[in-house]
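# Structural description and commentary
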Amino acid sequence: MSSLSGNTEFEEISKWLEESLAELQKQTAYAKDEVQTRWLQGASQVLDEFLEKKRTARDTLSKLK
């Protein structure tokens, strides 16, 4: 992911993922069904973890060198 930093297409996808995460979090706040709430929470967690790895990719790579 570190090598994709600055790639306009990847940045566009990243922006879409950030927007998707915000939408999932909004939907979770209003979900009335427990099962749906858990599904939304799980999806939010996956996106959040992926985006966190994207944000920390350079630091992680530099620690491995």
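Reading the values: the criteria
Residues numbered from 1 in each chain as written. Predicted model: local features only at pLDDT ≥ 70, side-chain atom pairs only at ≥ 80, totals over all residues. Heavy atoms only, no water. Salt bridge = Lys/Arg side-chain N within 4 Å of Asp/Glu carboxyl O. Buried < 20%, exposed > 50% of the residue type's maximum accessible area, 1.4 Å probe, protein only. Helix = DSSP H or I, 4+ residues; strand = E, 2+ residues; numbered from the N terminus. Contact = heavy atoms within 4.5 Å. Expected span 1.5 Å × (residues − 1). Polar contact = N/O pair within 3.5 Å; in protein donor to acceptor, adjacent residues only side chain to side chain. Axes fitted to C-alpha atoms, helices over the stretch in contact; angles between N-to-C directions. Parallel < 35°, antiparallel > 145°, perpendicular 65-115°, else oblique. Left-handed = near helix turned anticlockwise from the far one by under 90°.

## Regarding the pattern of salt bridges
- For the structure shown, the criterion picks out 4 salt bridges.
- With a shortest N-O distance of 4.0 Å, R55 and D48 are connected by a salt bridge.
- In this structure R55 comes out as partly exposed when scored by relative accessible area, which is 45%.
- Assessed through its relative accessible area of 37%, D48 is described here as partly exposed.
- Counted as one network, the salt bridges with shared partners bring together E18, D48, E52 and R55.

## Things to note about the environment of S44
- For S44, the position within the fold is in helix 2 (residues 34–55).
- Exposure remark for S44: the relative accessible area of 9% places this residue in the buried category.
- When the C-alpha positions of S44 and T28 are compared, they lie 8.8 Å apart, and in sequence the two are 16 residues distant.
- Ignoring any residue separated from it by four or fewer positions in sequence, one finds S44 in contact with L21, L24, Q25 and T28.

## What about helix 1 (residues 8–30)?
- The end-to-end C-alpha distance of helix 1 is 34 Å, a good match for the 33 Å that 23 residues give at a rise of 1.5 Å each.
- Regarding helix 1, the residues found buried are F10, S14, L17, S20, L21, L24 and T28.
- Contacts from the buried residues of helix 1 go to helix 2.
- If you check the start of helix 1, you find a side-chain oxygen 2.9 Å away from the backbone N of E9, and it comes from N7.

## Some remarks on the packing of helix 1 against helix 2
- Two numbers describe how helix 1 lies on helix 2: the axes approach to 9 Å, and their chain directions differ by 150°. Looking at the two axes, helix 1 sits roughly antiparallel to helix 2. Here helix 1 and helix 2 pass one another in a crossing that is left-handed. For the pair helix 1 and helix 2, the contacting residues are F10, E11, S14, L17, E18, S20, L21, L24, Q25, Q27 and T28 in the first and T37, L40, Q41, A43, S44, L47, D48, F50, L51, K54 and R55 in the second.

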